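Next come the chains, spelled out residue by residue.
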Amino acid sequence: MQLTYKYRLKPTKAQLATIVAHLELCRRQYNYRLGERFRWWSATRTPVNACPLIVSIVPVEEIYQNIPLTRVQTRDGRKKDESGNPLTKKGDVFSNIEGGYVQWQTIQLADIKNTKKLFPDYKVLDSQVLQDVVNRVETSFSNFTTPDKNGNRRGQPKFKGLHYYKSFTYPQLDNLDIVKDEQNRICIRLAKIGQVPMVFHRPIPTGFKVKMGSVIREPDGWYISLTLEDKTVPVTVAEIQPTDENTVGIDLGITVRIVG
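Every value quoted in this text rests on a predicted model; they were computed, and no experiment measured them.

In a soluble, globular protein the nonpolar side chains are often hidden away together inside. Counting 36 residues, the largest nonpolar core has Phe168 and Val215 as its most contacted members. Counting only elements with at least two residues in this core, the list comes to strand S1 (2–9), helix H1 (13–43), helix H5 (127–145), strand S6 (167–170), strand S8 (186–190), strand S9 (194–199), strand S10 (209–218) and strand S11 (221–229). Ignoring sequence-local partners within four residues, the contact set of Phe168 consists of Ile19, His22, Leu23, Cys26, Val129, Arg136, Ile193, Gly213, Ser214 and Val215. Judged by nonpolar contacts, the second largest core, of 5 residues, contains Trp40, Ile67, Val102 and Ile107.

Shown next, in the form of structure tokens:
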């Protein structure tokens, strides 16, 4: 079972400046990664093992020149087999092309380290927050290019202006730390930001663990939305079948006259 609890943040002036800066870095990264996807999509809408000449406006030899064909895993994978051994290990080599299609999400996630080298400002941003930006781009672009089960697609994703990118997310907050500071204020500890004062108007329910958290800018201030989960609580869907006992009849007061 999952719940969402939302709390108001009361950041200091220094923390507010940091939060605003982080949000702006995320917005710029989102627009850049989305631009990469659009450049590829405009150049060729076919798999790499198919001829793109009918739709391509870019010379074929330039389409794939900056796309690494393989990637090397840098650490053992988290998923394990029945014996407890990782399914993937450090040093394993994987293809960045599956079924003839470029795995853009994987490529862009791996390219984050180059972003930090070229733009040192991104070093102040939490790595998982930056990874979530790439995941957002993947979700938006996949919804645009891949039809759902009914064959419908969502609208084309848009580049985000200054006031239209309103949140950044910590996808893993398993080690959530809510403490009191020197001034006896309840604070939540956020990576690369510090202990941010918050209005802790209701406690985390017993048995629930925090899975992720999003810092959100709203017209009246800043909030953090926490996603909570308790796997021991079953998720049930009530299916009510209409019967004479649970059906309420309504007398509409209509009189029918039969004219012979």
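A few words now on the sheet that holds S8. Adjacent strands of a sheet form backbone hydrogen bonds with each other and so pair up, either parallel or antiparallel. One open sheet holds the 7 strands; their spatial order is S6-S10-S11-S1-S9-S8-S7, and the pairing between them is antiparallel. Here the strands that pair on one side only, and so sit at the sheet edges, are S6 and strand S7 (178–180). Taking each pair of neighbouring strands and ignoring which way they run, the sheet shows an average axis angle of 40°. Here 2 bridges tie S1 to S9, and the two strands are oriented antiparallel to one another. Directly across from Arg8, in S9, lies its bridge partner Val199.

According to the stated counting rule, one finds 8 aromatic pairs in the structure shown. Centre to centre, the rings of Phe38 and Phe141 are 5.2 Å apart; their planes meet at 75°, and the pair counts as edge-to-face. With Phe38 in helix H1 and Phe141 in helix H5, this pair connects stretches of sequence that are 103 residues apart. The class for Phe38 is buried, based on a relative accessible area of 11%. Relative accessible area serves as the criterion here: at 4%, Phe141 is assigned to the buried category. Pairing Phe38 with Phe159 gives two aromatic rings, centres 5.9 Å apart and planes at 50°, and the pair type is tilted. Of the two residues, Phe38 is situated in helix H1 and Phe159 in the loop between H5 and S6; the sequence distance between them amounts to 121 residues. Put simply, the rings of Phe38, Phe141, Phe144 and Phe159 touch in pairs and so form one group of aromatic residues. The aromatic ring of Tyr223 is capped on one face by Lys6, whose charged end is 5.1 Å from the ring centroid. Residue placement shows Arg202 over the ring face of Tyr5; its charged tip is 3.7 Å from the ring centre.

With 9 of its 9 residues buried, S11 lies for the most part within the structure. Relative to S11, S1 runs antiparallel, the two sharing 7 bridges. Directly across from Thr4, in S11, lies its bridge partner Thr227. Where S10 lies against S11, 9 bridges are found, and the strand directions are antiparallel. Bridge pairing in S11 places Arg217 opposite Trp222. Where S10 hands over to S11, the hairpin turn is made up of 2 residues, counted between the paired strands.

One pass over the full model with this rule turns up 11 salt bridges. Between Asp111 and Arg33 there is a salt bridge, and its shortest N-O distance comes to 3.0 Å. Of this pair, Asp111 sits in the loop between helix H3 (104–110) and helix H4 (112–118) while Arg33 sits in helix H1, placing them 78 residues apart in sequence. Note that Arg185 and Asp181 form a salt bridge whose closest N and O atoms lie 2.8 Å from each other. Several salt bridges converge on common partners, so that one network encompasses Glu24, Arg27 and Arg28.

Okay, the confidence of the model for the protein next. Model confidence for the protein is summarised by a mean pLDDT of 83, while 83% of its residues fall at 70 or above. Taken element by element, the protein is modelled with least confidence in helix H2 (residues 60–63), mean pLDDT 58, and with most confidence in S6, mean pLDDT 96.

With that settled, the discussion passes to H5. One full turn of an α-helix is made of 3.6 residues, so residues set three or four places apart face in the same direction. End to end, H5 covers 27 Å across 19 residues, agreeing with the expected 27 Å (1.5 Å per residue, within 8%). Where H5 is concerned, the buried positions are Val129, Leu130, Asp132, Val133, Val134, Val137, Glu138, Phe141 and Phe144. Measuring from the backbone nitrogen of Gln128 back to the side-chain oxygen at the start of H5 gives 3.2 Å, which picks out Asp126 as the cap.

Definitions and limits used
- Residues numbered from 1 in each chain as written.
- Predicted model: local features only at pLDDT ≥ 70, side-chain atom pairs only at ≥ 80, totals over all residues.
- Heavy atoms only, no water.
- Core = buried A, V, L, I, M, F, W, Y, C linked by side-chain atoms within 4.5 Å.
- Buried < 20%, exposed > 50% of the residue type's maximum accessible area, 1.4 Å probe, protein only.
- Helix = DSSP H or I, 4+ residues; strand = E, 2+ residues; numbered from the N terminus.
- Contact = heavy atoms within 4.5 Å.
- Pairing = 2+ DSSP bridges.
- Axes fitted to C-alpha atoms, helices over the stretch in contact; angles between N-to-C directions.
- Phe/Tyr/Trp six-rings, centres within 6.5 Å; stacked < 30°, edge-to-face > 60°.
- Lys NZ or Arg CZ within 6 Å of the ring centre and 35° of its normal.
- Salt bridge = Lys/Arg side-chain N within 4 Å of Asp/Glu carboxyl O.
- pLDDT = per-residue confidence, 0-100.
- Expected span 1.5 Å × (residues − 1).
- Polar contact = N/O pair within 3.5 Å; in protein donor to acceptor, adjacent residues only side chain to side chain.

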